[in-house]
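What follows is each chain in one-letter form.
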Amino acid sequence: MQKCDITNLPDAEFSFIPENAPKFATYTLKNFRNIQQLKHLPEDVVSAIAVVGHVFPFKVNSYVTEKLIDWGNAPNDPIFTLTFPQKGMLLPHHYEIVQALLAENAPKSKLAKAINQIREELNPHPAGQLEFNVPKLNGQKIDGLQHKYNETALFFPSEGQSCHAYCTYCFRWPQFGENDDLKIATNQIENVIAYLKHHTEISDVLITGGDPLTMSAKSLSKYVLALLSEDLPHIRTIRIGTKTLTYWPYRFLTEKDSEQLLDAFRMIVRSGKHLALMTHFNHPVELETPEVAEAIQRIRETGAVIRTQSPIIRGINDDAKIWSALWKRQVSLGLVPYYMFIPRDTGAQHFFRISLVRAWEIFKEAYQHVSGICRTVRGPSMSTNPGKVQVMGVCEVNGQKVISLQFLQGRNPDWVLRPFFAEFSESAFWLSELSPAFGQESFFYEEELAELTKPIEDDCLEAVC
Ligand SMILES: *Cc1c(COP(=O)(O)O)cnc(C)c1O
Ligand code: SF4
């Protein structure tokens, strides 16, 4: 009989050596030309970064440039596309305006005015985004909180409203600029706690941003302690939305408060609540470094569960093989696949989007090639004004080709898991571009939605991160 020797198992996953960490460097518009590898790219690709980076947030760091991007494959590399602004993200006439102003070295105020104008035209805050779903207590708005679905409240702590790097397609892009009007955040935890205390239907608090793990362990612990207070026994799950495992895994490894951060996670788990890290991975490459494997291991040792979500993005992951590899890799590392999203209609979505039917085909193809363990994932899902709408697929009813849909979350919980049908369309990218099938005038929820959202019309933020 063969002897089982656990001291001799391969250690490949966890061979992180701190000395191999790149020296910390962060790159923005001001210094990105110092990135050595950019020198091998065509000048029009590099100058496009400057032009587009004036309109959308741009920040990347040495871990992403040294360990994730395959420069031999740039500019088509998925992680390059994820983090470096691309020419096509601006409509041609917008691109020309910014390019011309930069070329003539236009005064700052003139440039800023043009840029603001362009941002306004990119649907930065779909009507009411900053008011809608912002809850009230005693008639007073609670900034930094959003409450759309009964069970879950979103909390935006003010120290956590940036990220270690920015995703080119991020729908929260207006939050990262200088314009404070477009931001949502809070540091008044007392009001948040008072609201939560009052609303015993809330079981989940999602701490989100930006990326809340850009905060110090000390700040995070302050919020966590408040949420663990005896007054809030109905809060059963604390979720933290983050992309730090992709952009800066050293956050859990080598920073001076890495251990305190993990201690904060332990504190939640030991209090008897569920801690879910809602992580965001677009591509298997993000899960291949020894750093990320080690960081995941350390987080899992605290008792936290890591769930994963990602939008489906043209040029980054619009391929079924990428998704099945992504889910399989996640499961190997002990992560739980959660959502596939369809990117929403803001910013540079014209550049990144793929049709609803195509997204469903990719989801189906990928799902068909993984075991049941990976099939905790749901999607593709649109976070729309009425709720999270899943594209269930294309089918034929009475000889008519239709798209079948259902709510995974609804402003009214009664809408959830009731199949409904839209006319088939290959060119629809969002719910608003679909028409009810079978000659009906409206979808079943529309009348009630109008009632529920009076007098404010539009949309909310979706929890991608
Ligand atoms: C997605 C989302 C949630 C969380 O929904 P779950 O299905 O419970 O993950 C909460 N609030 C908003 C506004 C969301 O978009
Ligand atoms: S998608 Fe998430 S990690 Fe990426 S820029 Fe937006 S908030 Fe930050």
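An unreviewed UniProt entry lists the protein under the name Lysine 2,3-aminomutase related protein, from Chloroherpeton thalassium. Database annotation for the protein, UniProt heading Sequence similarities (unreviewed entry): "Belongs to the radical SAM superfamily. KamA family."

Let's talk about the overall build of the protein
A count of helices and strands for the protein gives 14 helices and 15 strands. In terms of overall dimensions, the protein is globule-like: its C-alpha atoms have a radius of gyration of 23 Å, near the 23 Å expected for 465 residues. Relative to its 465 residues, the protein shows a buried fraction of 56%. Intrachain contacts of the protein at a sequence separation of at least 6 include 74% that bridge at least 24 residues. Accessible surface computed for the protein: about 20800 Å², of which carbon and sulfur atoms make up 49%. Computed over 46 positive and 54 negative side-chain charges, the inter-centroid distance for the protein is 4 Å.

Remarks on empty space enclosed by the protein
Taken as a whole and judged by the stated rule, the model has 5 cavities of 30 Å³ or more. Estimated volume of the second largest cavity: approximately 70 Å³. Forming the walls of the second largest cavity are Phe56, Pro57, Phe58, Thr83, Pro85, Met89, Tyr166, Cys167, Thr168, Cys170, Trp173 and Phe176. Built from parts of two domains, the lining of the second largest cavity gets at least three residues from each of domain 1 (18-120) and domain 2 (136-452).

Concerning the sheet that holds strand S6 (residues 152-155)
Judged by pairing direction, the sheet is mixed, and its 11 strands sit side by side in the order S5-S6-S7-S8-S9-S10-S11-S12-S13-S14-S15 without closing on themselves. In this open sheet, the two strands that pair with only one neighbour each are strand S5 (145-149) and strand S15 (420-423). On average, each strand axis in the sheet is inclined to that of its neighbour by 30°, with strand direction left out of account. When strand S12 (residues 378-383) meets strand S13 (residues 387-397), the two strands line up antiparallel, connected through 3 bridges.

As for the nonpolar core
One finds Phe80, Phe84 and Phe265 to be the most contacted residues of the largest nonpolar core, which totals 128 residues. For phenylalanine 80, the residues in contact, after removing those within four places along its chain, are Leu38, Leu41, Val45, Ile49, Ile69, Trp71, Ala74, Pro75 and Gln86.

Looking at helix H9 (residues 258-270)
Between its terminal C-alpha atoms H9 stretches 18 Å, which fits the 18 Å expected from 13 residues at 1.5 Å a residue. Contacts from the buried residues of H9 go to helix H7 (217-227), strand S8 (237-242), strand S9 (274-280) and helix H10 (290-301). One or two residues past the end of H9 sits glycine 272, with phi positive at roughly 95°.

Topic: the environment of lysine 23
In this structure, lysine 23 sits in the segment before strand S1 (26-27). Residues lysine 23 and serine 62, 39 residues apart in the sequence, show an inter-C-alpha distance of 7.0 Å.

A word on the packing of helix H11 (residues 320-332) against helix H13 (residues 356-367)
For any two helices packed against each other, one specifies the inter-axial angle together with the distance between the axes. Contact pair H11 / H13: the axes reach a minimum separation of 8 Å and the direction vectors enclose 50°. By the angle between their axes, H11 is oblique relative to H13. Judged by the sense of rotation from one axis to the other, the crossing of H11 with H13 is right-handed. The residues of H13 that touch H11, namely those facing Ala320, Trp323, Ser324 and Trp327, are Ile362, Phe363, Glu365, Ala366 and Tyr367. Residues belonging to the contact of H11 with H13 are distributed by class as follows: 7 nonpolar, 1 polar and 1 charged.

Here's the deal with the domain arrangement of the protein
On domain assignment, one finds that the protein holds domain 1 (18-120) and domain 2 (136-452). Here domain 1 and domain 2 have C-alpha centroids that lie 26 Å from each other. Three residues, Lys59, Tyr63 and Leu82, lead the burial of domain 1 against domain 2; their summed loss comes to 28% of the area buried on that side. Taken together, domain 1 and domain 2 are joined by 1 salt bridge. With a closest N to O distance of 3.2 Å, glutamate 291 and lysine 67 form a salt bridge. Our enumeration of links across domain 1 and domain 2 arrives at 9 residue pairs in polar contact (both at pLDDT 80 or more). If you list the elements that add at least two residues to the side of domain 1 that touches domain 2, you get strand S2 (60-61), helix H2 (62-68) and helix H3 (78-83).

Describing the pairing of strand S11 (residues 336-341)
For S11, the buried fraction is high: 5 of the 6 residues fall into the buried class. When strand S10 (residues 305-311) meets S11, the two strands line up parallel, connected through 5 bridges. By the bridge assignment for S11, serine 310 is matched with methionine 340. Regarding topology, H11 serves as the crossover connection from S10 to the parallel S11, and that connection is right-handed.

Considering the pattern of salt bridges
One pass over the full model with this rule turns up 12 salt bridges. Between lysine 110 and glutamate 104 there is a salt bridge, and its shortest N-O distance comes to 3.4 Å. One salt bridge in this structure joins aspartate 263 and arginine 266, with 2.6 Å as the shortest N-O distance. Placement of the pair is aspartate 263 and arginine 266 together in helix H9, with a separation of 3 residues, close to one helical turn. Overall, the relative accessible area of 39% leaves aspartate 263 in the partly exposed class. Each of Arg251, Glu255 and Asp257 takes part in salt bridges that share partners, so that together they form one network.

Some thoughts on the pairing of S13
Count of turn residues in the S12/S13 antiparallel hairpin: 3 residues. In this structure, the hairpin formed by S13 and strand S14 (residues 400-410) is closed by a connection of 2 residues, where asparagine 398 is found at a positive phi of approximately 50°.

As for the side chain of glutamine 390
Relative to the helices and strands, glutamine 390 is located in strand S13. On the accessibility criterion, glutamine 390 (12% relative accessible area) is buried. Of the polar contacts made by the side chain of glutamine 390, one reaches the backbone oxygen of glycine 379; its length is 3.1 Å. Those residues in contact with glutamine 390 that lie beyond four places of it in its chain are Gly379, Pro380, Ser381, Ser404, Leu405, Gln406 and Leu408.

Rules used in this analysis
- Residues numbered from 1 in each chain as written.
- Chains lettered and ligands numbered in written order.
- Predicted model: local features only at pLDDT ≥ 70, side-chain atom pairs only at ≥ 80, totals over all residues.
- Heavy atoms only, no water.
- UniProt positions renumbered as here; feature names shortened; annotations may be inferred.
- Helix = DSSP H or I, 4+ residues; strand = E, 2+ residues; numbered from the N terminus.
- Rg over C-alpha atoms; globule rule 2.2 N^0.38 Å.
- Buried < 20%, exposed > 50% of the residue type's maximum accessible area, 1.4 Å probe, protein only.
- Contact = heavy atoms within 4.5 Å.
- Areas by Shrake-Rupley, 256 points an atom, 1.4 Å probe, with all protein chains shown as cover.
- Lys, Arg positive; Asp, Glu negative; His and termini not counted.
- Charge placed at Lys NZ, Arg CZ, Asp CG, Glu CD.
- 1 Å grid on protein atoms, 1.4 Å probe; cavity = no way out; pocket = protein on both sides within 12 Å on 5 of 7 lines; lining within 4 Å.
- Points joined across faces, edges and corners; volume = space filled by probe spheres on them.
- Domains from an automatic or database assignment.
- Pairing = 2+ DSSP bridges.
- Axes fitted to C-alpha atoms, helices over the stretch in contact; angles between N-to-C directions.
- Core = buried A, V, L, I, M, F, W, Y, C linked by side-chain atoms within 4.5 Å.
- Expected span 1.5 Å × (residues − 1).
- Parallel < 35°, antiparallel > 145°, perpendicular 65-115°, else oblique.
- Left-handed = near helix turned anticlockwise from the far one by under 90°.
- Nonpolar A, V, L, I, M, F, W, Y, C, P; charged D, E, K, R; others polar.
- Buried area = accessible area lost by both parts, 1.4 Å probe.
- Salt bridge = Lys/Arg side-chain N within 4 Å of Asp/Glu carboxyl O.
- Polar contact = N/O pair within 3.5 Å; in protein donor to acceptor, adjacent residues only side chain to side chain.
- Right-handed = clockwise from strand over helix to strand, strands pointing away.

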